[in-house]
Structure formats: structure tokens, C-alpha cells
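# Remarks on the overall topology
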Number of protein chains: 4
Amino acid sequence: MKPYIHIVRYYECDRMGITHHSNYIRFMEEARLDWMDQMGFGFERMEAEGVVSPVVEIACRYKHPTTFKDAIRIEVSVIELSAIKIRIAYNMYMGDTLVCTAESLHCFLENGRPVRLQERFPDFYEALCRQLTEAK
Amino acid sequence: MKPYIHIVRYYECDRMGITHHSNYIRFMEEARLDWMDQMGFGFERMEAEGVVSPVVEIACRYKHPTTFKDAIRIEVSVIELSAIKIRIAYNMYMGDTLVCTAESLHCFLENGRPVRLQERFPDFYEALCRQLTEAK
Amino acid sequence: MKPYIHIVRYYECDRMGITHHSNYIRFMEEARLDWMDQMGFGFERMEAEGVVSPVVEIACRYKHPTTFKDAIRIEVSVIELSAIKIRIAYNMYMGDTLVCTAESLHCFLENGRPVRLQERFPDFYEALCRQLTEAK
Amino acid sequence: MKPYIHIVRYYECDRMGITHHSNYIRFMEEARLDWMDQMGFGFERMEAEGVVSPVVEIACRYKHPTTFKDAIRIEVSVIELSAIKIRIAYNMYMGDTLVCTAESLHCFLENGRPVRLQERFPDFYEALCRQLTEAK
């Protein structure tokens, strides 16, 4: 899997001159959707099938500030997988410097009800399992 | 009509320490939706009926910078009305200082096709006409 | 302390029709800065003295979706206080429904170096201690 | 000059499912700063020298909606140049479809006072003149 690169925009920086912390949550989404694309399960395909994936939890630890023009390299990996939830980890680097580590927890919903990934998207589920195993 | 007040948020300010110019476009939307509410035609009611109102044009002249905690008072008025389009003007003040003047042009769409306001929402159309006349 | 109210804006909602999860991080900031104001220690006063307060950690659990026009009531409280760090908790409600719980961890920096709150802002530190005690 | 490409993010789309109109103002900034880089006059270099460049006016005509994953190609050109102001035009395409045309007017400030580009950044001024002539 290719890491995702986000170049910090001018408008993403705040009065302190650094990337506003809320934007990292958006970078996580960008990286996650890119990672799903790379796995062959683009989110817009799910949406077209009527499945949405709300975020259940977010955690973010800011290690080092970034600013305008910095290239943030984001490595995404699945770290937990249950019948209806998936936990994803993010390591964000600027060169060799770890600038942020984060996690997000997701479920999948169809008509407002939880979707069992293994049944609804078995190929995606297997790909996630494989990635999880390889990581261990 | 009561003017709309937007208090500038910390995250709306940029590296120059001032409200990022793109945010005024959002303040315009806030003020416009509040103004529609005051006229009794909330945008969420239109949306519920399947009518959306995309922005066709925007123009914005920045007169004076604002920053964190500034209270921007926005006066909204209709300045042009045709069968399918409506042009709205915004005067934004901080105390007595004019900080920004702006305009937006809108159409209304139902199933992707232009809606004739006068037929689809006659009460709203009349209220707009009245406002337009009073302004002259 | 008066809870902070955030009315969800149209532009804060995403393609799923709900408030985009990244915006809650911004609501936390709004509520936190309002809470500091209510304690008499406005952030812009600290900034004027050359002290900034970067966010060190964020955690957010989304319980219930919100959308355009929803009024989110945010209760802020300090839950941990050390020499150089402060942890703040947020309970966000819509009516009686808990929509989100969150935490943030902050330090204070002056010329890039950690500030000891107790020495630099003794009144603020004491007010925080008092709040912490009352909560227990 | 190479056109700038912006890929629309999920969080840039609104409840109507399309790119929120305020975001085009941000795409303009991205494209403009990239264009200044390509001309060899990066905005962060100006900022380092104490010169900032606030936006004075913005105008934007939305021709065609875009959404998540769309690649917007933005062509930037200078269309007016005076002693202290510069007007920039933007043509935004998705494939061959013109999705948005826009303009922005800028001044340059040093210590809060207008900067005469020709004196302060003569190389940049000449490069702008050259571009303006070539366009005619």
C-alpha cells in the first residue's frame, strides 16, 4: 500500500501559524478513502450501493506541528476488525519525524442499520483480514 | 428583518491572524438561511420538498479585516428577482465599520430542473417582491 | 458555568446529510474558548501576552448524528491538571440526547517552551483547581 | 505554466452531494499560490520578508457542479496589474467542461501599508508584466 501525501494548504493554518488541529481529522479521512481505493473498495462505490460509514470514534495525538507547504505522509492500517466495526490506525510523518498518530473506529450502515461486512462485502472483509494478519 | 450576527471563531482565522476570506462566503450562507427563516421559508423545508438552491454567482469585496471574537453584523436584502433567479446583497458591519459587501445569485432546482418560484412557492415569491419594493 | 450552544450550519453537513465528524473538534474549541472566557481567562489575552496553547491530544466518541439547525449544547469541565498540562472533557447534548463525548489535552507554550500555569497564570490555575475539586 | 489540479475531498461536499461553493474560493487560493511558486515567488518567501497579500475582491461564477473525487484543473493568469494591485483570473475545468470561472483582486502590505510591487519585488513585477503581455 502506498502512503497518502497531504500538502498543507495556506487556509489550513491558524493564527498560531500552524496547521489547525481539526484538519488532521480531515487528513485521516483523505488517507482512509485513498487506502480503501487502493484496496479496490472505493467509498463512493459503497455509497452508490446505499451503504454509508459513519465515524464512531476518533483519537489523535499531536507530536509535532506542521505548517503551510509541509508534506505529511500518512500510513494507514487496519488494527481491529469485528463483525460490524473496523478500527484504523494512522501514522503521519514529515520526512522521518512522526508528527501525529491517530485512530478511527467505523461501522457501516444500510438503511440506518448495521451492515455485517463479512456478508455484505466479503471480498473487502477478506482483504482486511489479510492485511490484519500480515501486520502481525 | 433582524440582521444576522456571526462571531468569528478562532479556527476561522488564518496565518495572517485575520478571518480567512473564504469564510465570508460561509457567513453569507448563514445570514441568507437565517433571513429565509425569518421570512418563513426555511431552506430545510424546501429541501424536504425536494427543492435545492445552488449558488450561481458570488461576489465579495473585503473592506476591513476582522479577527477572532469580532461580531460581524450582516444585513441581507433581495436586490433582483426574475422568474428563476434571485440576487441577494449582504452588508457586513463591525460596529459602524463596513467590513465587507457581497452579492450572491441563486436558482432553485427540482429534480435537476429550474423551478419557477412564483408557481412553486408563490408566498415566498410575493414576500420577496414586497421586500424588493420596500427597498426601492 | 453556562454551557455553550453551537447551531449546526448548512456547510458543516456532509454528503451523508449529517454534521461532518471533523467539525465536532471545532465545536470543542469554540466551547473551550467560551469556557475560558467565562472563567475570566480569554485565550486572546494569553495570545497577547505571547502564550499559545496547542492541542496535544483529542478523543471524540460520536453517539448520535446531528444535522443542519440542530442546537448542540456543550458542557465543558477540567478533568485533569498537572504542572504543564490540562485535560478537558466535553459532553455534547441535543435536548436530552447525548450526541458526543470528547476530551482534549493541552499545554501552554511561551517562546516555544512549556509554561508552568501555576507560576505564569496563578489565578487561572487556582480557578482550574477549584473547578476540579468541585467536580469531585 | 502548469495548471493546478484539485481533487475534491469527501468533506468538501455538502448536503446536496456537491462541492460546497465556498470551497472554490479555497481552490483559487491553492491554485494562485502554486502559480506564484511556479513563477519563482512563493508566498511563504514574501511572508518571511514581512509582506502579506490580503484578498481585496473575489468573484466566482459556478457553471457546473462537481463532487467527491472529481479532478478540477485550474488555469491561472494575471489579467490586470497596477502599481499596488493585481487581478487574477481562474478557469476551472473538469475534462473539457468549464465548471467555474473566477477572479480575485489582491494588494500587498508591509507593516500594514501598501507595497509597490515594482519597487519591492521588481523581478516578480516584471514576470507579471511579461505574462500579461503574452496573454494579449
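As the structure is a prediction and not an experimental result, all values here were calculated from the model. (Residues numbered from 1 in each chain as written. Chains lettered and ligands numbered in written order. Predicted model: local features only at pLDDT ≥ 70, side-chain atom pairs only at ≥ 80, totals over all residues.)

Residues and elements named next belong to chain C. Here helix α1 (residues 22-39) is 18 residues long and its end C-alpha atoms lie 27 Å apart, about the 26 Å a rise of 1.5 Å per residue gives. Burial analysis of α1 places 14 of its 18 residues in the buried class, the great majority of the element. In the stretch just after α1, Gly-40 is the one whose phi turns positive, near 90°. (Helix = DSSP H or I, 4+ residues; strand = E, 2+ residues; numbered from the N terminus. Expected span 1.5 Å × (residues − 1). Buried ≥ 20, exposed ≤ 12 C-beta atoms within 10 Å, placed from the backbone.)

Strand pairing in a sheet relies on backbone hydrogen bonds, with the paired strands running either antiparallel or parallel. Residues and elements named next belong to chain B. Strand order in the open sheet formed by 3 strands is β2-β7-β8, with antiparallel pairing between adjacent strands. Where the open sheet ends on each side, the last strands, each with one partner, are β2 (51-52) and β8 (113-114). In this sheet, strand β7 (residues 109-110) lies alongside β2 in antiparallel orientation, the contact comprising 2 bridges. If you follow Val-52 over to β7, its bridge partner there is Leu-109. (Pairing = 2+ DSSP bridges.)

Quick look at the relation of the copies chain A and chain D now. Mapping chain A onto chain D is achieved by rotating through 180° and translating by 0.0 Å along the same axis, at an RMSD of 0.0 Å. A rotation of that kind, with that shift, is consistent with a two-fold axis. The rotation axis passes nearest to the C-alpha of A:His6 in chain A, at a distance of 6.0 Å. By residue overlap, the copies meet face to face through one surface: 100% of the interface positions of chain A are interface positions in chain D. (Least-squares fit on C-alpha atoms with pLDDT ≥ 70 in both. Contact = placed C-beta atoms within 7 Å.)

Moving on, we come to the relation of the copies chain D and chain B. Expressed as a screw transformation, the operator carrying chain D onto chain B has a rotation angle of 180° and an axial translation of 0.0 Å, and the superposed copies differ by an RMSD of 0.0 Å. When the interface residues of chain D are mapped onto chain B, 100% of them again fall at the interface, so both copies present the same face.

What follows concerns the interface of chain D and chain B. The interface is formed by 16 residues belonging to chain D together with 16 residues belonging to chain B. Elements with a contribution of two residues or more to the side of chain D that touches chain B: α1 (22-38) and β3 (55-62) of chain D. The biggest single contributor to the side of chain D that touches chain B is β3(D), with 8 residues. Of the residues assigned to the side of chain D that touches chain B, the class counts are 11 nonpolar, 2 polar and 3 charged. Sheet topology places strand β3 (residues 55-62) of chain B next to β3(D); 5 bridges connect them, and they run antiparallel. Its bridge partner lying in β3(D), B:Glu57 is registered against D:Arg61. (Nonpolar A, V, L, I, M, F, W, Y, C, P; charged D, E, K, R; others polar.)

For residues with low pLDDT, the predicted coordinates do not support detailed interpretation. Mean pLDDT over chain A: 95, with 100% of residues reaching 70 or higher. Reported for the predicted complex are a pTM of 0.96 and an ipTM of 0.94. (pLDDT = per-residue confidence, 0-100.)

Residue and element names in this part refer to chain A. Topologically, Cys-129 is positioned in helix α4 (residues 122-135). On the basis of neighbour count, Cys-129 is assigned to the partly exposed category, with 14 C-beta atoms found within 10 Å. A C-alpha to C-alpha distance of 7.6 Å links Cys-129 and Leu-81, two positions 48 residues apart in sequence.

The subject of this paragraph is the environment of B:Arg26. Here B:Arg26 is to be found in helix α1 (residues 22-39). Judged by the 21 C-beta atoms lying within 10 Å of it, B:Arg26 is buried. Residues B:Arg26 and B:Ser82, 56 residues apart in the sequence, show an inter-C-alpha distance of 24 Å. Each residue touching B:Arg26, except ones within four places of it in the same chain, is listed here: C:Tyr11 and D:Ser22.

Another aspect to go through is the interface of chain A and chain D. With 10 residues of chain A at the contact, the number on the chain D side is 10 residues. Ranked by the residues each element gives to the side of chain A that touches chain D, the list is headed by helix α1 (residues 22-38) of chain A, at 4 residues. The class makeup of the residues in the side of chain A that touches chain D is 4 nonpolar, no polar and 6 charged.

Pairing between β3(B) and strand β6 (residues 97-107) of chain B: 7 bridges, direction antiparallel. Paired with B:Ala59 across the bridge in β6(B) is B:Glu103.

Attention now goes to unusual backbone geometry. Positive phi is not limited to glycine here, since A:Lys69 has a value of about 80°. Of note, B:Asn111 is a non-glycine position whose phi angle comes to about 50°, a positive value. Along the chain, B:Asn111 falls in the loop between β7 and β8. Residue classification places B:Asn111 among the exposed positions, given that 8 C-beta atoms sit within 10 Å.

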